[in-house]
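Listed here are the chains, written in short residue letters.
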Amino acid sequence: MEVFAEVVGSAGYLEVVPPIFEHIEVFQRLGPATDVVRKEMYAFEDKGGRTIALRPEQTASVVRGFAEHRPAVPYKTWYAGPNFRYERAQKGRFRQFDQVGVEVLGPYDPHLDAETITLAWRFYERLGLRRVTLLVNSLGSAEDRGRYVDALRVHFEENRDALSEESRATLAANPMRVLDSKREADIELVDAAPLMLDHLSDDSAEHFTAVTEALDAVGVPYTVNPRLVRGLDYYVRTTFEFAADALDASQNAVGGGGRYDGLAAEMGAPETPGVGFALGVDRTLLACDAEGVFAAPASAVDVFVVDATDGTEAVVLTDRLRSAGLRVDRAWDGRSMKAQMRAADRSAAVLAVIIGEDERASGMATVRDLRGDGGQETVEIGQLTDILRARLR
Ligand code: AMP
C-alpha cells in the first residue's frame, strides 16, 4: 500500500475512499454484459427497501463521485480497499479481495493511458517482481466495437453447433466474452475468430499506436495480444492486463485496466473520457511469495522490556521507546522474571531491557543482548533510547 501510494503520489494522484456499498444501479451502469454485475454481485435489500450491492470493483463509485461533484479535470485519483464478488473461492480467487487502483477523468490523450500503465509497471518493479508480463490491446471505439461484435456474432453463429453450451449462452449476451473461453470445445473457433485490431477506425488505430510508442519510449515491455478482452463491459480503446508468470496460469492475472470513455456520461456527467486500472493485492502478494521477493521478517520487535517490579515501569518504558521509533513489546500478567525472559527469547527481539527493584531505585536499566553472547550492561535510564538505537544499528 505505501509503495503504491508513493508511486502514484509521485504522479499527482490523490487518494479517494469509495463507499463499500452503493445503490445497485451504480454498478448496473457498468453494463449488463459485465460479469461482475451479471452474476457476481452481493446484492441485498436494506431496511428502507433499497437494493444495495457490496462493491465488486471501485471504478463505478469513483466515476459516480465524479459525476456528482464535478471536480476539475484532469481528475487523477487512486484508491485501495476490499471488493466483494460471488465467486467459487480457490487459491488466488476470493469472495473478498483487495485492490489498489487509479482512475483518471478528463484527457483523451493516449499518453495518459501510457502513464497509468507505466505507473502500474513501476509499482511491480518497486515491489521487486521480475516475472510480470504486460499484455495490451485496443478494443476500438464504441462504433468500431459495434462493427466488430457484428463480425464476431456472424462468425460464432455460423458455427453455433460446435460451441460449448456455456459459450452459446454467453454469445447471446456478448459475443466478445466468448473469446475468453478456455473450454476445449471452443478453442478452434476462438482461434479462427476475427480480430478487433483488424476492425479499428483510423482514429482508434492512431490512438493505440501512440500508446505503444509511449511505452516503447519509457522502456516498459509489452506484448500486443489481439485476443485480450476483459470481463468488464465498459472498456473502449486501450485495454491491458498484467500476468504474473510465477503463478498458475489459471489465476495469474495480477491486474488490469483500460479506457472507459463512455462511463462518466453513463453516470450523468457531461461526456468525459476516463482511464484506469485495478491491481489485485492478494494475487500480487502471492506472486511476491512465489518469486521470493520478501524475506519473512525475523521478528516483530527489536526490544523486549522485562519488568521485575510491579509492572508500571513496563507501561511507561514501552510507550517511551515506541514513541522514539523503536519496535518494542513486553510480557503480560505479572509473570516471574524467568518467564518474562523466556517470552523475550520467544519474541526473537535483539535486546532485552530489564528493570528490577535495584535498577528502579537507582534510575538505571540493564540492556541484555539476546542473540550474541548474552552480554549485558547497566545504563542510565535517560540514555536508554540512544544506547538501544546505537546497538540496533
Ligand atoms: P478486475 O477488476 O476484474 O479487472 O480485476 C483486477 C484484478 O483484481 C485481477 O487481475 C486480480 O488480480 C484481482 N481480482 C479480481 N477478482 C479477484 C478475486 N475474486 N480474488 C482475488 N483477486 C481478484
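From a predicted model like this one, the values you see are computed outputs, not experimental measurements.

1. Section: the environment of Ala246
And then number 1: Inspection of the secondary structure assignment puts Ala246 in the loop between strand S9 (236-244) and strand S10 (253-259).
And then number 2: In this structure, the C-alpha to C-alpha distance between Ala246 and Leu286, residues 40 residues apart in sequence, is 8.9 Å.
And then number 3: The residues contacting Ala246, other than those within four sequence positions of it, are Arg131, Ala290 and Glu291.

2. Points about the pairing of strand S6 (residues 96-105)
And then number 1: Of all the 10 residues making up S6, 8 are buried; the element is thus mostly covered by neighbouring parts of the structure.
And then number 2: Bridge count for strand S5 (residues 75-84) against S6 is 10 bridges, and the pairing is antiparallel. Within S6, the position partnered with Trp78 by the bridge is Val102.
And then number 3: Where S6 lies against strand S11 (residues 274-280), 7 bridges are found, and the strand directions are antiparallel. When the bridges of S11 are listed, Gly101 appears paired with Ala278.

3. Remarks on empty space enclosed by the protein
And then number 1: Enumeration according to the criterion identifies 1 cavity of 30 Å³ or more in this entry.
And then number 2: The computed volume of the largest cavity comes to approximately 70 Å³.
And then number 3: Looking at the largest cavity, the residues that line it are Leu139, Arg145, Asn174, Met176, Arg177, Val229, Arg230, Leu232 and Asp233.

4. Focus: the site of the ligand
And then number 1: Taken together, 15 residues surround the ligand, and among them Arg85, Glu87, Phe94, Arg230 and Ala253 come closest.
And then number 2: The side chain of Arg85 places a nitrogen or oxygen atom 2.8 Å from an oxygen atom of the ligand.
And then number 3: Between the ligand and the protein, one listed contact pairs an oxygen atom with a backbone N or O atom of Ala253 at 2.9 Å.
And then number 4: Surface burial for the ligand is 92%, taken as the share of its 480 Å² of free accessible area covered by protein chains.
And then number 5: Of all the secondary-structure elements, those providing two or more residues to the shell around the ligand are S6, S10 and S11.
And then number 6: Among the elements that line the shell around the ligand, the one with the most residues is S10, at 3 residues.
And then number 7: Class assignment for the residues of the shell around the ligand results in 6 nonpolar, 4 polar and 5 charged.

5. Section: the domain arrangement of the protein chain
How big an interface is tends to be reported as the loss of accessible area on association of its parts.
And then number 1: For the protein chain, the assigned domains are domain 1 (2-141 + 201-291) and domain 2 (303-392).
And then number 2: Once you take the C-alpha centre of each, domain 1 and domain 2 turn out to be 48 Å apart.

6. Brief notes about the layout of surface pockets
Empty space among the atoms becomes apparent when a probe as large as a water molecule is rolled across them.
And then number 1: Of the pockets and cavities examined, the second largest pocket occupies roughly 260 Å³.
And then number 2: Forming the walls of the second largest pocket are 15 residues, and the residues nearest its centre are Ala142, Arg145, Asp233, Tyr235 and Val236.
And then number 3: Looking at the lining of the second largest pocket, the elements that each hand over two or more residues are helix H6 (142-158) and S9.
And then number 4: The element contributing the most residues to the lining of the second largest pocket is H6, with 5 residues.
And then number 5: Looking at the lining of the second largest pocket residue by residue, the classes come out as 6 nonpolar, 4 polar and 5 charged.

7. Quick look at unusual backbone geometry
And then number 1: Cis rather than trans, the peptide bond between Val73 and Pro74 has omega equal to -5°.
And then number 2: Note on placement: Pro74 falls in the loop between helix H4 (59-69) and S5.
And then number 3: Despite not being glycine, Arg237 has its phi angle at roughly 50°, a positive value.
And then number 4: Mapped onto the secondary structure, Arg237 falls in strand S9.

Rules used in this analysis
- Along every chain, residues carry numbers that run from 1 in the direction the sequence is written.
- At least 70 in pLDDT is required for a residue's local features to be given in this predicted model, at least 80 for side-chain atom pairs to be given and counted, and no such filter applies to totals for whole chains, interfaces and linings, which use all residues.
- As a rule here, side-chain values come from all non-hydrogen atoms in the structure, and water together with hydrogens is ignored.
- Secondary structure is summarised from DSSP: a helix means a run of H or I of at least four residues, a strand means a run of E of at least two, and numbering begins at the N terminus for each.
- Throughout, a residue-residue contact means that at least one pair of heavy atoms, one from each residue, lies within 4.5 Å.
- Throughout, exposure labels follow a simple rule: accessible area from a 1.4 Å probe, protein chains only, divided by the maximum for the residue type, with under 20% read as buried, over 50% as exposed, and the rest as partly exposed.
- The rule for pairing is simple: two strands pair if DSSP sees at least two bridges between them.
- Cavities and pockets were defined on a 1 Å grid built from protein atoms only: a cavity is a group of points that admits a 1.4 Å probe but offers it no way out, a pocket is an open group of points flanked by protein on both sides within 12 Å along at least five of seven lines, and a lining residue is one with an atom within 4 Å of any such point.
- Grid points are joined across faces, edges and corners, and a volume is the space filled by probe spheres set on the points.
- Here a residue counts as near a molecule or strand whenever at least one of its heavy atoms sits within 4 Å of it.
- For this analysis, a polar contact is any N or O atom pair within 3.5 Å, provided that within protein one partner can donate a hydrogen and the other can accept it, and provided that sequence-adjacent residues contribute only side-chain to side-chain pairs.
- To be clear on the numbers: accessible area is Shrake-Rupley with a 1.4 Å probe, and residue cover counts the displayed protein chains and nothing else.
- Residue type decides the class: Asp, Glu, Lys and Arg count as charged, Ala, Val, Leu, Ile, Met, Phe, Trp, Tyr, Cys and Pro as nonpolar, and the leftover types, Gly among them, as polar.
- Residue ranges assigned to each domain were obtained from an automatic or database domain assignment.

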